[in-house]
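Below are the chains, spelled out letter by letter.
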Amino acid sequence: MVQKYQSPVRVYKYPFELIMAAYERRFPTCPLIPMFVGSDTVNEFKSEDGAIHVIERRCKLDVDAPRLLKKIAGVDYVYFVQKNSLNSRERTLHIEAHNETFSNRVIINEHCCYTVHPENEDWTCFEQSASLDIKSFFGFESTVEKIAMKQYTSNIKKGKEIIEYYLRQLEEEGITFVPRWTPPSITPCSETSLSSCKKQAASMAVVIPDAALKEGLSGDALSSPSAPEPVVGTPDDKLDADYIKRYLGDLTPLQESCLIRLRQWLQETHKGKIPKDEHILRFLRARDFNIDKAREIMCQSLTWRKQHQVDYILETWTPPQVLQDYYAGGWHHHDKDGRPLYVLRLGQMDTKGLVRALGEEALLRYVLSINEEGLRRCEENTKVFGRPISSWTCLVDLEGLNMRHLWRPGVKALLRIIEVVEANYPETLGRLLILRAPRVFPVLWTLVSPFIDDNTRRKFLIYAGNDYQGPGGLLDYIDKEIIPDFLSGECMCEVPEGGLVPKSLYRTAEELENEDLKLWTETIYQSASVFKGAPHEILIQIVDASSVITWDFDVCKGDIVFNIYHSKRSPQPAKKDSLGAHSITSPGGNNVQLIDKVWQLGRDYSMVESPLICKEGESVQGSHVTRWPGFYILQWKFHSMPACAASSLPRVDDVLASLQVSSHKCKVMYYTEVIGSEDFRGSMTSLESSHSGFSQLSAATTSSSQSHSSSVLSSE
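What you are looking at is a predicted structure, and each value in this text was computed from that prediction instead of being measured.

(A) Seen up close, helix 8 (residues 277-286). The element helix 8 is extensively covered by neighbouring structure, given that nine of its 10 residues are classed as buried. Considered for burial, the residues of helix 8 that qualify are Asp277, Glu278, His279, Ile280, Leu281, Arg282, Phe283, Leu284 and Ala286. Phi turns positive, to about 50°, at Asp288, one or two residues after helix 8.

This is the structure:
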C-alpha cells in the first residue's frame, strides 16, 4: 500500500531571498539532522543571466534502523538523489528527491517548494508532499514502512526549526537582508554602497545552489516555473500551519496530512460544498485518522444533512411549545477547559409524555438543533479563549430517574437519537458527567451502552448519590461559581424544571404517525432506485426555448450514467401493473421509466448532453440551456463495467442480474429546477442550483462559492 504525505502551508515571515540563504547552510551536512551524514554535488547548471540555478546532489543518510535489518539488507547507509531548482526571477525553489538505494524494492518520492506568500511579498511559503511504496523488502515490509514513516515525520518536525536556526545564525553574522535578483544590465546599487552590495551579492551566491529541473532544458525554458505543481491546489484552498495550530489544535504531521488530503478529495468530488475543517477533523478522529473509513462515514453524513436540510434547522425550525416548557435541558456557561456546557435534568423529564405528545421525530429534530447550536458555540468559544475548542461538556442529572423512564417507546426513541447523533456528530462530546445515578440507572445503561461508540463511552464519568461533591467530582471540571443551584451550587440555572406533560396534550398514534412522516418528508430532494435494466427517469416539459434546466444530485449507492434526452412526443404515463417494468420500486426510493422500449434514439427522441458517468459518493450539479420546446427526460442509468473481452462466457453477475434485478441496485437523491429564460441573468457556464450549498458547515471554506457545473453545457 502506498503511503502518502501532504503538508499544510508553512509561512516564514521573512523574504524569500533570506530564507534561501538560511536553506543553503544545510549543505553539505547539517548538524541538526544527525542522520544526514553528507552530500556531494553531481550536476549543476546556471543560466547566463544568473536567474536559474539547478543543482543535483547525492545525499548520504544513516537511517536509524535495527542492526539486524541493516545486516540483512547489506548496507550501512541509504543514498538519495536530490534536485533543486531555484528561479530567482520568479522567486521559487522546487526540490525533488528520490531514493537511489533499494530503488527496485522501495520507491520514495518527495516534492517541496518555497514560494512567495500570495498576500505579502516579504513572506515565504513552504509546502511538502511525499509518497512511500514498498514493493518488497526481504519479508520486513511492515518494519521498513514504520521506520521510514518515523524518520520522515521526525525530519518534518525539524524542518522549520532548522530554517529558524540558520536565520538566527545569519542575524548574528549581521546578514539581515539579501537583495532580490535583477537582470545584469540593471545596477541597483549606488557607488557609495557598491562594496556593501558586493558583499550581499557574494552571500547570495552562496545561497542560490538549490533547484530541481530535469536535465536538457534551455535557459528560456528554465526561466518559468516548470517543476510539478503543489498537490494541494490553488493558494486559496490551502491550509496554513499556523491556522491549524490556532483553530484545530496540535496535530502530528501525518494527522495534518490526513486532514489536507481528505479536504482536497471533498473539494474535488463535492464541487466546493465541503464542511468546515473542524468538522472534517472530527470524522478523522472518530476513525483514528483512517482516511478511507472517515471518508465513508462523512459522505453518508453529508448526504443525510443535505436530504433533511439540517444546515438550516436553527434558522427555519422553531421547537414546539411543549418542548420549550417540558424539555429539561439547556446551555449553561462553560467548563474549566472552555467547552460549552449543556445541562440535562433527565430525571425530572417526562420522556413518555414528550414522546406521546410530540412523537419520536420531533424529539430527534430538537436534539439535532441542540447539536447544531453546540457546533456554533464551539466556534464562538474558540475565538473567545484563543485556543481550539471542538467539543462540549454535558452534565446529566439523574435525580428522579425511575421505571417510567424505561417505557419501551421512550427507550426506542432514545436509542434512535443516540444512533443518529453518533453517526453525524462524532467527537463532539468532550466529557459527559452523570450525577446522582439511582439504582435503576444500571438497567438503563445496560440498554443504551451497546449503541455508544467506545471512544465516546470512555468520556463518561458516573457519580452515585453525592459523590460528585467530593474529590475528583464536579469541582475538577466546572468552576464553583457556575455550578447550578439544584446541585448545591451558587448559580441560578435557567434550564426548565421539566415535570409531567399534561395528558390533554397527548396525540393519537395515527396523528403521531402522520406528523412523523411530514417532518422527515419536508425536503426538496427526492430519492430513487436505479436497477440494472431499469433506469430512473423524470419528465420536464419546456414551453419556452432558452429555458434552463438545473439539477443537483448525490450518488448514494453504486455507479450511474446520467443522460438528458429531448422528445417532441409526451411519454405515456407509467403503468401501475405489478409485472410491468414501469412499476419497479424498492424500499427507500421509487423507480420510474418513461422512455418506451419501442422508441428509437434519433427518431423518437434525441440525446442533448454527453453521457456523464458518476461514481458512488459524488455530488453533481449542472445545467442545460434548452434549444427547443418540448419534453426533456433526465435519466439515471445503472453503470455496468465492461465485460472481459477474453472470454465469451456470460459472467456470474450477468446471470444473477437476469434472475434478480434487485441484486444490481443504485440509489440517487436528486433535485431539479427550471429557470425561465426571462428570469435568468448571468453566465450560463457557472449556473448552479440555488439549494445546493451548505449554509453552516461550509461557511469557513474559501471555495464554497465556487461550485461549478459537473456536466458539459450543451453546444446545441
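(B) The arrangement of helix 15 (residues 441-448) in detail. For helix 15, the complete set of buried residues consists of Phe441, Leu444 and Val448. Looking down the long axis of helix 15, one finds its buried residues gathered within 65° of arc, a one-sided arrangement. Residues of helix 15 that are buried make contact with helix 14 (408-424), strand 12 (429-435) and strand 13 (460-462).

(C) Region of interest: a nonpolar patch on the surface. A cluster of nonpolar side chains, namely Leu68, Ile72 and Phe138, defines an oily patch on the protein surface of about 270 Å² accessible area. We classify Leu68 as exposed; its relative accessible area is 57%.

(D) Structural detail: the sheet that holds strand 10 (residues 340-344). An order of 9-10-11-12-13 is seen for the five strands of this open sheet, with the pairing classed as mixed. On the outer flanks of this sheet lie strand 9 (329-334) and strand 13, each paired with one strand and no other. In this sheet, adjacent strand axes meet at a mean angle of 20° when their direction is disregarded. Sheet analysis places strand 9 next to strand 10, joined by four bridges and oriented antiparallel. Note on strand 10: the bridge partner recorded for Gly329 is Leu344.

(E) Main features of the nonpolar core. In terms of nonpolar packing, the biggest core is built from 52 residues, with Leu323, Tyr327, Leu354 and Leu398 touching the most fellow members. With nine residues, helix 13 (residues 360-385) is the single largest residue contributor to this core. Leave out the neighbours within four places in its chain, and Tyr327 touches Val322, Tyr342, Leu344, Met349, Leu354, Leu363, Tyr366, Val367, Ile370 and Pro496. The next biggest cluster of nonpolar side chains, apart from the first, holds 42 residues, and it includes Phe27, Met35, Phe36 and Tyr166.

(F) Fine view of unusual backbone geometry. The omega torsion across Phe27 and Pro28 is 5°, close enough to zero to call that bond cis. Along the chain, Pro28 turns up in the loop between helix 1 (16-24) and strand 3 (36-46). Even without being a glycine, Phe289 presents a positive backbone phi close to 60°. Mapped onto the elements, Phe289 comes out in the loop between helix 8 and helix 9 (291-307). Take Phe289: its relative accessible area is 16%, and that puts it in the buried class. Of note, Ser488 is a non-glycine position whose phi angle comes to about 70°, a positive value. Structurally, Ser488 can be placed in the loop between strand 13 and helix 17 (509-521).

(G) Focus on the packing of helix 7 (residues 253-269) against helix 9. For the pair helix 7 and helix 9, the least separation of the axes is 11 Å and the interaxial angle reads 45°. The orientation of helix 7 with respect to helix 9, classified from their angle, is oblique. Our pair here, helix 7 against helix 9, has a crossing hand that is right-handed. Residue-level contacts link Cys258, Arg261, Leu262, Trp265 and Leu266 of helix 7 to Ile291, Ala294, Arg295, Met298, Cys299 and Leu302 of helix 9. Looking at side-chain class alone, the contact of helix 7 with helix 9 contains nine nonpolar, no polar and two charged residues.

(H) Molecular detail of the pattern of salt bridges. The tally for this structure, following the rule as stated, stands at 34 salt bridges. Among the salt bridges present, the one from Lys306 reaches Asp552, with a minimum N-O distance of 2.9 Å. Taken together, the residues span a long stretch of sequence, with Lys306 in helix 9 and Asp552 in strand 16 (residues 548-557) at a distance of 246 residues. Lys306 sits in the buried class, given a relative accessible area of 6%. One salt-bridge network, in which partners are shared between bridges, spans Asp335, Asp337, Arg339 and Arg431.

(I) Representation of the pairing of strand 3 in the model. Across nine bridges, the pairing between strand 3 and strand 4 (residues 52-61) is antiparallel. Note on strand 4: the bridge partner recorded for Lys46 is His53.

What counts, and at which threshold
- Residues numbered from 1 in each chain as written.
- Predicted model: local features only at pLDDT ≥ 70, side-chain atom pairs only at ≥ 80, totals over all residues.
- Heavy atoms only, no water.
- Buried < 20%, exposed > 50% of the residue type's maximum accessible area, 1.4 Å probe, protein only.
- Helix = DSSP H or I, 4+ residues; strand = E, 2+ residues; numbered from the N terminus.
- Arc of directions from axis to C-beta.
- Contact = heavy atoms within 4.5 Å.
- Patch = residues over 30% accessible without salt bridge, like charges linked within 9 Å, V, L, I, M, F, W, Y side chains within 5 Å.
- Areas by Shrake-Rupley, 256 points an atom, 1.4 Å probe, with all protein chains shown as cover.
- Salt bridge = Lys/Arg side-chain N within 4 Å of Asp/Glu carboxyl O.
- Pairing = 2+ DSSP bridges.
- Axes fitted to C-alpha atoms, helices over the stretch in contact; angles between N-to-C directions.
- Core = buried A, V, L, I, M, F, W, Y, C linked by side-chain atoms within 4.5 Å.
- Parallel < 35°, antiparallel > 145°, perpendicular 65-115°, else oblique.
- Left-handed = near helix turned anticlockwise from the far one by under 90°.
- Nonpolar A, V, L, I, M, F, W, Y, C, P; charged D, E, K, R; others polar.

Just distances and angles here, no functional claims.
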